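# Structural features, examined
One-letter residues, chain by chain:
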There are 2 protein chains.
Amino acid sequence: MDELRSPALAKAVEAFASLPGIGRKTAMRMVLHLLKQDDADVMRFGDALIRLKQDVTFCETCHNLSESDLCHICANPNRQHHIICIVEDIRDVMAIENTGEYKGVYHVLGGRISPMEGVGPTDLHIDSLIKRLQENKIEEIIFALSCTLEGDTTNFYLFKKMASFSIPVTTIARGIGVGDELEFADELTLARSILHRLPYEKTLAG
Amino acid sequence: MDELRSPALAKAVEAFASLPGIGRKTAMRMVLHLLKQDDADVMRFGDALIRLKQDVTFCETCHNLSESDLCHICANPNRQHHIICIVEDIRDVMAIENTGEYKGVYHVLGGRISPMEGVGPTDLHIDSLIKRLQENKIEEIIFALSCTLEGDTTNFYLFKKMASFSIPVTTIARGIGVGDELEFADELTLARSILHRLPYEKTLAG
C-alpha cells in the first residue's frame, strides 16, 4: 500500500485483512468498493462495528450472544430449561434455532478439544457447564458437536466429566441427509444410518 | 438474525454482507471473529472506516486515490507527465507501480465500456481524459486495459475519440507470461506472442 501514500487507506485495508479468510487483495477490493459508496453508508458501517462491541455481550449462563446478562433463550420461561443442548459455537445455536424444532436451552462450548490446534478442555466453557449441572435439575444433555475426531473426543471428555450426575446423555442423529441420494453418501455415514435405523412409524410422526 | 434478537449484531452482519463477494454466512463469521477480538481492535476497525471516507478522495487529474487534490503520482515533478497510461481501475495503477518500470502518469477510467453490464462511455472518466489531452502536450498514450472484448471495445472507442490529437498510441505487450510453460498457454495468447515477436537483442536489454 506504500505506493499509494494514503495512511487512511492502508489502515482500512489492514483492518479488513485481519478478518479470517481475507487476504490483502480481497481487503483492497472491499475498501475500493466502500470508497465508491455514499459517505453515510460507510459511516454506518463504521458505527455498526463500534456499537457491536459496546452492545453485544455473551450470555452468563450459556455463552450465547446477548445484549443483556441472559440471552433471549435462557431468559425465556417457555423454553425447557431442564434440557441442555451442547454446541461448539454460536452459529450452531442459530442453525438449530432456525429449525424451530428445539424447545430446550443451549450451552456454547466455544470450540472443541483439539490437541493439534492447542485447544484443551480449560479453553472451553466446561466449568460453567458443570456448574449448571450442579445448580439445576437437568434431565437431558444433548451432544450436538460436529461429527469429527475432535467432536468425538470432546463428547467423550464431557461424558466422563458428567458421569457422576447420571443425567441421560443423547447425541443428535447422524445419517443420510434428507433429500440426499444413497449412492453419493460416504460409507461411514451410510453405515451409521443402517446401524441407527428407526422404527418406520417414528419417521411418520415427524 | 432475528433469532438472536440483537440489533447491533444484525447491523454489523448486514454491513459486511453488503461487501462484494460476501454472503450472510461469511459476514456472520467475520462478526463473530470481531466479537472475540479486543475492544480496542474493533474500535480501530470502525474508526478506520469512518476516516477512510473523510481522508481519502480521488485525484482531480487522473482519478487515482489521493489524500489531497492531486495524487502523489500527478504531484511528482520527476514523473514523465507527457506519457499517460490508461487503466481501468485503481488496482491496475498499484500493479503497474509495483513493477517500478513505469515513470509516466496515469488516467483511471473507472471501468470499461460494457453494454452487457450497462456501462457506456459517459459512465467512464473519458471527458476528463480528452480535457487533459487538450490542455497538455501529451506525447504518448499507453492502453493498459484488460485483454477482453470489453477492454478491446473501450480501446477502440478511445482510439477513435483521440484520433484528432494525433498522439502516438501504444498498448502493453500481450504474450506468454514470464516463467510460463508454452504448452499450457492458450492458443490466442500463443498466436499473439508469435505475431508480436521482438528482436532478441531487445529482450536482453530488459
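Now for a look at the structure at hand. Quantities reported herein were computed from a predicted structural model and do not represent experimental measurements.

### Remarks on the pairing of strand β4 (residues 104-108) of chain A
All names here are of chain A. Burial analysis of β4 places 4 of its 5 residues in the buried class, which makes it a mostly covered element. As defined by bridge partners, strand β3 (residues 80-87) adjoins β4 across 5 bridges and the pair is classed as parallel. Among the inter-strand pairings, valine 87 is bridged to a residue of β4, identified as valine 108. Note that the unit made of β3, helix α4 (residues 90-99) and β4 has a crossover that is right-handed.

### Quick notes on the sheet that holds strand β6 (residues 169-171) of chain B
By way of backbone hydrogen bonds, the strands of a sheet pair with one another, either parallel or antiparallel. Residue and element names in this part refer to chain B. In space, the 4 strands of this open sheet follow the order β4-β3-β5-β6, with parallel pairing throughout. Here the strands that pair on one side only, and so sit at the sheet edges, are β4 (104-108) and β6. Each strand axis lies, on average, 30° off the axis of its neighbour in the sheet, ignoring direction. As judged from the 4 bridges shared by strand β3 (residues 80-87) and strand β5 (residues 140-143), these two strands associate in the parallel manner. The partner of isoleucine 84 across the bridge, within β5, is isoleucine 141.

### Some details on the sheet that holds strand β5 (residues 140-143) of chain A
All names here are of chain A. Spatial strand order, β4-β3-β5-β6: 4 strands in an open sheet with parallel pairing. Of all the strands in the sheet, the pair left with one neighbour each is β4 and β6 (169-171). Looking at each pair of strands side by side, their axes are set apart by 30° on average, direction ignored. Across 3 bridges, the pairing between β5 and β6 is parallel. Bridge assignment links phenylalanine 143 to a residue of β6, and that residue is threonine 171.

### Some words on the packing of helix α3 (residues 39-55) of chain A against helix α3 (residues 39-55) of chain B
Between α3 of chain A and α3 of chain B, whose axes approach to 8 Å, the crossing angle comes to 170°. Accordingly, the angle class assigned to the pair α3 of chain A and α3 of chain B is roughly antiparallel. Contacts from Asp39, Val42, Met43, Phe45, Gly46, Asp47, Leu49, Ile50, Leu52 and Lys53 of chain A of α3 of chain A reach α3 of chain B at Asp39, Val42, Met43, Phe45, Gly46, Asp47, Leu49, Ile50, Leu52 and Lys53 of chain B. For the contact of α3 of chain A with α3 of chain B, a count of residues per class yields 12 nonpolar, 2 polar and 6 charged.

### Some words on the interface of chain A and chain B
Contacts between the two partners involve 42 residues from chain A, matched on the other side by 42 residues from chain B. Of all the secondary-structure elements, those providing two or more residues to the side of chain A that touches chain B are α1 (7-17), α2 (24-35), α3 and α4 of chain A. The greatest single-element share of the side of chain A that touches chain B, amounting to 14 residues, is contributed by α3 of chain A. Class assignment for the residues of the side of chain A that touches chain B results in 24 nonpolar, 5 polar and 13 charged.

### Quick look at unusual backbone geometry
The phi torsion of most residues other than glycine is negative, and most of the peptide bonds are trans. All names here are of chain A. Within the chain, histidine 63 stands out as a residue other than glycine whose phi angle is a positive 70°. Relative to the helices and strands, histidine 63 is located in the loop between β1 (57-58) and β2 (65-66). Taking the number of C-beta atoms within 10 Å as the measure of exposure, histidine 63 has 23 and is therefore buried.

### Details of the relation of the copies chain A and chain B
Rotating chain A by 180° and translating it 0.0 Å along the rotation axis places it on chain B, where the RMSD comes to 0.0 Å. The symmetry that links the two subunits is that of a two-fold axis. Within chain A, glycine 46 of chain A has its C-alpha nearest the rotation axis, a separation of 2.0 Å. Both copies present the same face, since 100% of the interface residues in chain A are matched by interface residues at the equivalent positions in chain B.

### What to know about the packing of α1 of chain A against α3 of chain B
At a minimum axis distance of 8 Å, the contact between α1 of chain A and α3 of chain B shows a crossing angle of 145°. Every pair of crossing elements has a handedness; the one defined by α1 of chain A and α3 of chain B is left-handed. Note on element contacts: α3 of chain B touches α1 of chain A through Arg44, Phe45, Ala48, Leu49, Arg51, Leu52 and Asp55 of chain B, opposite Ala8, Leu9, Lys11, Ala12 and Ala15 of chain A. Looking at side-chain class alone, the contact of α1 of chain A with α3 of chain B contains 8 nonpolar, no polar and 4 charged residues.

### Some points on the nonpolar core
Judged by nonpolar contacts, the single largest core of 84 residues is most densely connected at Ala12, Leu49 and Leu52 of chain A together with Ala12, Leu49 and Leu52 of chain B. Once residues within four sequence positions are removed from consideration, leucine 52 of chain A is found in contact with Ala8, Leu9, Ala12, Val31, Leu34, Leu35 and Val42 of chain B.

Parameters and conventions
Per chain, the residues get numbers from 1 upward, laid out in the order the sequence is written. Each chain gets a letter, beginning with A, and each ligand a number, beginning with 1, in the order they are written. Only residues with pLDDT of at least 70 are given local features in this predicted model, and only at 80 or more are side-chain atom pairs given and counted; all residues enter the totals for whole chains, interfaces and linings. Each residue is classified by how many other C-beta atoms fall within 10 Å of its C-beta atom, where C-beta atoms are placed from the backbone; a count of 20 or more means buried, 12 or fewer means exposed, and values in between mean partly exposed. In this description a helix means any DSSP run of H or I spanning at least four residues, a strand means any run of E spanning at least two, and both kinds are numbered starting from the N terminus. Strand pairing requires that DSSP identify at least two bridges connecting the strands. Every crossover in which the path from the first strand over the helix to the second runs clockwise, viewed with the strands pointing away from the viewer, is termed right-handed. Between the N-to-C directions of two axes lies an angle of 0 to 180 degrees, each axis being a line fitted to C-alpha atoms and, for a helix, fitted only over the stretch in contact. Note on terminology: angles under 35 degrees are roughly parallel, angles over 145 are roughly antiparallel, angles of 65 to 115 are roughly perpendicular, and the others are oblique. What counts as a contact is two residues whose backbone-derived C-beta atoms lie within 7 Å of each other. Each residue receives one of three labels: charged for Asp, Glu, Lys and Arg, nonpolar for Ala, Val, Leu, Ile, Met, Phe, Trp, Tyr, Cys and Pro, and polar for the others, Gly being one of them. When the copies are overlaid, the least-squares fit takes in C-alpha atoms only where the residue has pLDDT of at least 70 in both copies. Crossing handedness is read from the near helix: turned anticlockwise from the far helix by less than a right angle, it gives a left-handed crossing, and turned clockwise, a right-handed one. We define a nonpolar core as a collection of buried residues of the types Ala, Val, Leu, Ile, Met, Phe, Trp, Tyr and Cys that are connected via C-beta atoms lying within 7 Å of each other.

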